[in-house]
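Inside the fold
The lines below spell out each chain.
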Amino acid sequence: MAILSKDEAQTILKKVLSFSTADECEATLNGSTGGNVRSARNSISTAGASENVALAVQARFGKRSGLATCNEFDDASLRRCVQRAEEIARLAPESPEYVPLLGPQTYLASPGSFAQRTAAITPDYRAEQIGASMALCEQKKLSSAGFFNDSAGFVAKRNSKGLEAYQQVSNLDFSITVRTADGTGSGYAIANYTDLAKFDAARLTRVAADKAASSVGAKAIEPGKYTVILEPAAAIDLLNNMMGAMDARNADEGRSFLSKKGGGNKKGEKVFDERVTIYSDPTHPDVPDLTFANDGRPQQKVTWVEKGIVKNLYTSRFWAQKSGAPDIPPPGGWIMAGGTQSTAELIKGTAKGILVTRLYYIRAVDPQTLLYTGLTRDGTFYIENGQIKFPVKNFRFNESPVIMLNNLEALGKPVRLNGSLVPPLKIRDFTFTSLSDAV
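Rules and cut-offs
- Residues numbered from 1 in each chain as written.
- Predicted model: local features only at pLDDT ≥ 70, side-chain atom pairs only at ≥ 80, totals over all residues.
- Heavy atoms only, no water.
- Helix = DSSP H or I, 4+ residues; strand = E, 2+ residues; numbered from the N terminus.
- Expected span 1.5 Å × (residues − 1).
- Buried < 20%, exposed > 50% of the residue type's maximum accessible area, 1.4 Å probe, protein only.
- Arc of directions from axis to C-beta.
- Contact = heavy atoms within 4.5 Å.
- Phe/Tyr/Trp six-rings, centres within 6.5 Å; stacked < 30°, edge-to-face > 60°.
- Lys NZ or Arg CZ within 6 Å of the ring centre and 35° of its normal.
- UniProt positions renumbered as here; feature names shortened; annotations may be inferred.
- Axes fitted to C-alpha atoms, helices over the stretch in contact; angles between N-to-C directions.
- Parallel < 35°, antiparallel > 145°, perpendicular 65-115°, else oblique.
- Left-handed = near helix turned anticlockwise from the far one by under 90°.
- Core = buried A, V, L, I, M, F, W, Y, C linked by side-chain atoms within 4.5 Å.

Given 3.6 residues per turn, any residue in an α-helix points the same way as the ones three and four places further on. Relative to the 24 Å expected for 17 residues at 1.5 Å per residue, helix H4 (residues 123-139) spans 24 Å between its end C-alpha atoms, a close match to the ideal helical length. If you check which residues of H4 are buried, you get Tyr-125, Arg-126, Gln-129, Ile-130, Ser-133, Met-134, Leu-136 and Cys-137. Buried positions in H4, seen along its axis, are confined to an arc of 165° and lie on one side of it. Set apart from the buried face of H4 by more than 90 degrees, the exposed residues are Pro-123, Asp-124, Glu-128 and Gln-139. Looking at the buried positions of H4, the neighbouring elements they touch are strand S1 (24-40), strand S2 (43-61), strand S4 (142-159), strand S5 (164-180) and helix H5 (201-214). Following H4 by one or two positions, Lys-141 adopts a phi angle in the positive range, close to 60°.

In C-alpha cells:
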C-alpha cells in the first residue's frame, strides 16, 4: 500500500473530508517504501526495509487549529482521526497568524521526480552494490564504512476549499568512508540520485579509496588564511545553511544576514560576487522536486540570487500578507550556476592552496552574519604549482558563506548532492584557526 495511485489517494482524502464538521479541513497522505544497507570494516552490519502510509488531518474552527495523524484507513479509523483533530482544534487558542486554507491551485508537472527503477530496488541489488564497494577495499587492504539508502513514495493533499495535489518521488543516497589499515589515512565520497541508472557504488568507492591512500603521512602546516578548493561535499553544508537563512521575516525583523540597518531587507542589493547565481526549479531534469510546498503553495522556478544580487526571499503565507512581500515558499533543492571546470582542472590553475574534501561538525558562531566553525576531514591536501604536493593535517575553520562567496576565485561544474546542484568552489582567504589531529 506504500505507493498509492492518484485515484487511490484522493479517494481516501475525499472520504476523510466527508467526515469533517470543521469550518476548514485539510488532509495529507504521505507514503514511502524503501530500504537500506550499512557496512563497517568491509562487512555488512545492518540492513532494513520500511513501508508506511500516514494520514495527517488538520481541522479548523475559526482561527483555532488541531492536527491528528493515523496510519489505518478503515472508515472507523479515519473518522476517529478527523474527530480527534476537531477536538484538539476546539481546545486550541486562536492563532494570531491565521490565514485561510488555499483554494484550487495549478501545479507544474515534474515527471522526473519519480524513477520506477529506483522504486524497484531489491535487497539483492543493495547487497550487490555494497558488496562491490567492500570487495574493492579488501583488494586494496583498506577498511570501509558505507551507507546505502533508497526510497520511493508519494504525497497527496486535499482540502475543503478545493485544493488537490499529488506527486510521486524517489531518491537514492550513498556515502562511503575509507580508511587505511593503520587508520592514518581517510577518504570520502557521497552521491544522491533520483534514478539509480546513474549510480555506481564501485566508482564512488574508488574515489574515497584513492583519497585514503593519498592522505597518509599528513604534514602539519600553520593555520591562517589560504586559498582553498572546496569540493561539492565540502561546500554543500555551508551553502545549505545560507539558503536556509533567506527568510523574509527574519530579514525584516533584524535577525538575518539580509537585514538592513534601520529596518527592511537587502532584496535588490548586491550581497555576493557577481558570478554567484542561485535558483530553484522543481522541474529541473537533474534535481526534480515536489511541485508544491507543505502548505499547498505551488513551487515555481525562482531566482534567489542573480549575478550577486538578492532577487527573492521566501516567506510564510502570513508574512507575505502582512508585509506585502511576494508569496514564495522555501525551495526544496536549489541550483548554483557554475562553470565547466572539474575539481582537477581547478587544482591545475592554483599556484598555492588547500584542497578540502569535506567539512563536518559545523556549528553556528554568529547566526546573524552566518559565521560558522567546523573541521575538515577525510582528505585535506596542499596544492602547489597546479599539483597536489602532500596531505596536510586537518584544520578547524571559522568562516561565513557570505564572506566566502565574496572571495570567490572560480566555480567548477556543478554536481548533484542532497537534492541540489553544487559546484566545486575556489575561494581566497578562507580562514583556518587551528589544527586537528583527527583524520
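Okay, the side chain of Ser-186 next. Following the sequence through the fold, Ser-186 ends up in strand S6 (residues 186-193). Other than its neighbours up to four places away in sequence, Ser-186 contacts Thr-177, Val-178, Arg-179, Lys-211, Ala-212, Ser-215, Asp-378, Gly-379 and Val-439.

Counted at 1.5 Å a residue, the expected span for helix H6 (residues 232-243) with its twelve residues is 16 Å, and the 15 Å between its end C-alpha atoms agrees. In terms of residue burial, H6 counts as a mostly covered element, since nine of its twelve residues are buried. For H6, the full list of buried residues reads Pro-232, Ala-233, Ala-234, Ala-235, Ile-236, Leu-238, Leu-239, Met-242 and Met-243.

Before going further, it helps to spend a moment on the packing of aromatic side chains. Summed over all chains, the structure comprises 16 aromatic pairs. Taking 5.8 Å as the distance between ring centres and 45° as the angle between the ring planes, the aromatic pair formed by Phe-397 and Phe-430 counts as tilted. Residue Phe-397 is found in strand S15 (residues 394-399), and its partner Phe-430 is found in strand S19 (residues 425-436); the two are separated by 33 residues along the sequence. Both residues of the pair, Phe-397 and Phe-430, belong to the buried class. The structure contains a cluster of three or more aromatic residues connected by ring pairs, namely Tyr-125, Phe-148, Phe-174, Tyr-193 and Phe-199. One cation-aromatic arrangement involves Arg-377 over Tyr-360; the distance from NZ or CZ to the ring centre is 4.4 Å.

Here we come to the UniProt feature "domain: Metalloprotease TldD/E central" (unreviewed entry) in the protein. The UniProt record annotates "domain: Metalloprotease TldD/E central" (unreviewed entry) at residues 142-214. For residues 142-214, helix accounts for 19% and strand for 59%, while the C-alpha atoms at its two ends are 12 Å apart.

To continue, consider the packing of H4 against H5. Where H4 contacts H5, the axes come no closer than 8 Å and their chain directions differ by 30°. Comparing the axis directions of H4 and H5 gives the class roughly parallel. In the crossing of H4 with H5, the sense of the turn from one axis to the other is right-handed. Listed contacts from H5 to Gln-129, Ser-133, Leu-136 and Cys-137 of H4 are Ala-201, Ala-202, Thr-205, Arg-206 and Ala-209.

Our next topic: the nonpolar core. Residues Leu-239, Met-246, Phe-257, Phe-272 and Leu-425 are the most contacted members of the largest nonpolar core, which totals 56 residues. Ignoring any residue separated from it by four or fewer positions in sequence, one finds Leu-425 in contact with Val-228, Ile-229, Leu-230, Ala-235, Leu-239, Met-336, Met-404, Leu-405, Leu-408, Ala-410 and Leu-411. Residues Leu-4, Ile-12, Cys-25 and Ala-68 belong to the second largest nonpolar core, which totals 27 residues.

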